[in-house]
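Listed below are the residues making up each chain.
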Amino acid sequence: MLAACGHEHGEARYPGVVKAALQSPGEKIEVPPPPFTEGAFPCSDCHDPSLPVNRERRKLEMAHQEIVLQHDEEHRWCLDCHSAENRDKLHLASGELVDFTESYRLCGQCHGDKHRDWRAGVHGRRIGQWNGHKSYLLCVHCHSSHAPKFEPKPPQPAPVRPEALGRGVVR
Amino acid sequence: MTKTTPSRREFLCALGGCAAAATAAGCSDLTHTSWFRSAFRELGDDEKKAIVADLEREHAVKYGKPVKVGTEGPLPDVEFGYALDISRCIGCRRCVYSCVDENNQSRDPQLHWIRVLEMDKEKGIDFAHANAYYEAEKVPRDGHFYLPVACQQCRNAPCVRACPVGATWMEKDGIVVIDYDWCIGCRCCMSACPYGARHFNYGEPHVPPEQLNPDTHYLGNRPRTKGVVEKCTFCIQRVRKGRYPACVEVCPVGARKFGNLLDPDSEVRYVLEHKRVYVLKAELNTRPKFFYFYGL
Ligand code: SF4
């Protein structure tokens, strides 16, 4: 990824990031397990590798009907990310297979700027110590891979107005 | 201490004599350490220990459970900084209430260290038309963006200069703190702060014992009393032990970033070096260590 696009120019522009990537070349980033729907993984339990694969883009009718793709759906389709050869893996544009625990590499192909910020701990959430061990969340812990835009959520209650606190003055 | 500026101890002694003041009826619950002592900054380790032991006893009686009052000092080579991504904040106020829980802010009367301002996208950052009292079924609301404001931890802090008794100061790691036992409640700091970040306990603060966070720091979230000023300390009780502030951990969109400004590999430094960053009311030359940025 960062290494593949050549670190010389990257190092000059983003010293911190590339350094972080260089400290662990090819090493996986520590993340909690991917948030699979219960019972969904391994996919090969249902997608028997001996069965023929229908690669045609179509409305799903036998399974996964609940998935409504809202992620560049005009151009994308299951097998752009999921591997047809090995159902338990994802694949990059190059054809390289990646585990679900490394799905950030797949997302990073299109969302390079977010991927870069994420590696630096600036896009998304990190858990741990500011001066010590940190672990990352996968993109899919916060964003649904099939509909990544956040849904609006109810806010917590507005503060009590100062008048109502009995002070009789607005701050 | 020169003769012309009597210390608090000398002043109290002059009022009625040390022995008399300490034993006077009605004052018997005043512990020696909380009244007849120097400002926290000037204390030796032994004095600190004695004071903290007294406080822990008092709090344990009041809340019916053990309460720890820490005195951890600043870590070497650390200056804390904070960065908040206003292109991501959705105004959900999760940070406000996690701060209340972590830092033992009074539930009734209500007191909040973080205020989330709703602003019009069309107007841009415009405090005159900002609204902290927005109610909505869902956030973010169309056409609006959100700007949470708490203490900006200024390097050139007007509040520190305004305090007539030296009850508030900046620590070596950059956290502006208050000694609640030294604060006289004059509220000069509140009128000096251009961010409305300081809050006064007009009434007796109330935190239900079962909700009290017992892991406290002397200069941070220990229980306060009526008549003192309080504000955000970057969660001093957490960050001096390497943890992130509570608001950083709770924010559902990851808008809040925290770390050491002196560490070139920290998250805040990355933000400062690679993002569009600004500070609130820069024209006042307060030099905040709280930065806002556009992450998108
Ligand atoms: S928790 Fe995060 S998104 Fe919600 S109001 Fe606070 S900063 Fe904004």
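The preceding data block contains the structure.
Residues numbered from 1 in each chain as written. Chains lettered and ligands numbered in written order. Predicted model: local features only at pLDDT ≥ 70, side-chain atom pairs only at ≥ 80, totals over all residues. Heavy atoms only, no water.

## Quick notes on the pattern of salt bridges
- Summed over the entire model, instances satisfying the criterion amount to 27 salt bridges over all chains.
- Across the pair K134(A) and E267(B) runs a salt bridge, and its minimum N-O distance is 3.8 Å. On the criterion of chain membership, the pair formed by K134(A) in strand β4 (residues 134-136) and E267(B) in helix α10 (residues 267-274) is interchain, its members lying in two chains.
- Here D215(B) and K241(B) are joined by a salt bridge, their closest N and O atoms 3.2 Å apart. Taken together, the residues D215(B) in strand β8 (residues 215-217) and K241(B) in the loop between α8 (236-239) and α9 (246-250) connect sequence positions 26 residues apart.
- Ionic contacts of the salt-bridge type, sharing partners, join the residues D72(A), R76(A) and D80(A) into one network. (Salt bridge = Lys/Arg side-chain N within 4 Å of Asp/Glu carboxyl O. Helix = DSSP H or I, 4+ residues; strand = E, 2+ residues; numbered from the N terminus.)

## Quick notes on the pairing of strand β2 (residues 80-85) of chain B
Residue and element names in this part refer to chain B.
- Summarising burial for β2: six of the six residues are buried, a large majority.
- Neither face of β2 is open: one carries F80, Y82 and L84, the other G81, A83 and D85, and all of them are buried.
- In the sheet, β2 pairs with strand β10 (residues 256-260) via five bridges, with the strands oriented antiparallel. Across the sheet, residue A83 finds its bridge partner in β10, namely K257.
- Taken together, the four bridges between β2 and strand β12 (residues 290-294) define a ladder with parallel strand orientation. The residue bridging L84 from the neighbouring strand is Y292, located in β12. (Buried < 20%, exposed > 50% of the residue type's maximum accessible area, 1.4 Å probe, protein only. Pairing = 2+ DSSP bridges.)

## Re the sheet that holds β2(B)
All names here are of chain B.
- A sheet is described by the order of its strands in space; here four strands give the open sequence β10-β2-β12-β11, paired in mixed fashion. The sheet terminates laterally at β10 and β11 (276-278), the two strands that pair on one side only. Neighbour-to-neighbour, the strand axes of the sheet open up by a mean angle of 30 degrees, direction not taken into account.
- Sheet contacts for α10: β2, β10, β11 and β12; angle to β10, the most-contacted strand, approximately 110 degrees. (Axes fitted to C-alpha atoms, helices over the stretch in contact; angles between N-to-C directions. Contact = heavy atoms within 4.5 Å.)

## Quick notes on the interface of chain B and chain A
- Each partner contributes to the interface: chain B provides 48 residues, whereas chain A provides 36 residues.
- The junction of chain B with chain A conceals about 3600 Å² of combined surface from both sides, 56% of it contributed by carbon and sulfur atoms.
- Of all residues in chain B, Q110(B), Y133(B) and Y270(B) give up the largest surface area on contact with chain A, accounting jointly for 18% of the area buried on that side.
- Across the contact surface, chain B and chain A share three salt bridges.
- Mapped onto the side of chain B that touches chain A, the elements with two or more residues apiece are α5 (94-103), α9, β10 and α10 of chain B.
- For the side of chain B that touches chain A, the leading source of residues is α10(B), giving four residues.
- Class assignment for the residues of the side of chain B that touches chain A results in 25 nonpolar, nine polar and 14 charged. (Buried area = accessible area lost by both parts, 1.4 Å probe. Nonpolar A, V, L, I, M, F, W, Y, C, P; charged D, E, K, R; others polar.)

## Structural notes on helix α5 (residues 112-119) of chain A
- Burial in α5(A) covers these residues: H115(A), R116(A), D117(A), W118(A) and R119(A).
- G121(A) occupies a position one or two residues after α5(A) and carries a positive phi of about 85 degrees.

## Regarding the site of the ligand
- Around the ligand, the neighbouring residues are C89(B), I90(B), G91(B), C92(B), R93(B), R94(B), C95(B), P148(B), C251(B), P252(B), V253(B) and R256(B).
- Per-class residue counts for the shell around the ligand are eight nonpolar, one polar and three charged. (Near = heavy atom within 4 Å.)

## Re unusual backbone geometry
Residue and element names in this part refer to chain B.
- P109 follows D108 through a cis peptide bond whose omega is 0 degrees.
- Take P109: it is sitting in the loop between α5 and β3 (115-120).
- Located in the positive-phi region is D77, a residue other than glycine, with phi close to 60 degrees.
- Looking at the element boundaries, D77 is found in the loop between β1 (68-70) and β2.
- Judged by its relative accessible area of 67%, D77 falls in the exposed class.

## A few points about the packing of aromatic side chains
- The tally for this structure, following the rule as stated, stands at 18 aromatic pairs over all chains.
- Between W130(A) and F258(B), the ring centres sit 6.5 Å apart and the planes meet at 85 degrees, which makes this aromatic pair edge-to-face. Here the residue W130(A) occupies a position in the loop between β3 (126-128) and β4, and F258(B) occupies one in strand β10, the pair thus bridging two chains. The burial state of W130(A) is the same as that of F258(B); both residues are buried.
- A ring pair is formed by F200(B) and Y202(B), whose centres lie 4.9 Å apart and whose planes are at 85 degrees; its orientation type is edge-to-face. (Phe/Tyr/Trp six-rings, centres within 6.5 Å; stacked < 30°, edge-to-face > 60°.)

## Section: the nonpolar core
- By size, the foremost hydrophobic cluster in this structure holds 72 residues, and its most contacted members are F80(B), I114(B), L147(B), Y218(B), F234(B), F258(B) and Y292(B).
- With residues near it in sequence (within four places) discarded, Y292(B) still touches L84(B), I86(B), L147(B), P148(B), V149(B), Q152(B), R276(B), V277(B), Y278(B) and L280(B).
- In this structure, A120(A), A83(B), Y270(B) and V271(B) belong to the second largest nonpolar core, which totals nine residues. (Core = buried A, V, L, I, M, F, W, Y, C linked by side-chain atoms within 4.5 Å.)

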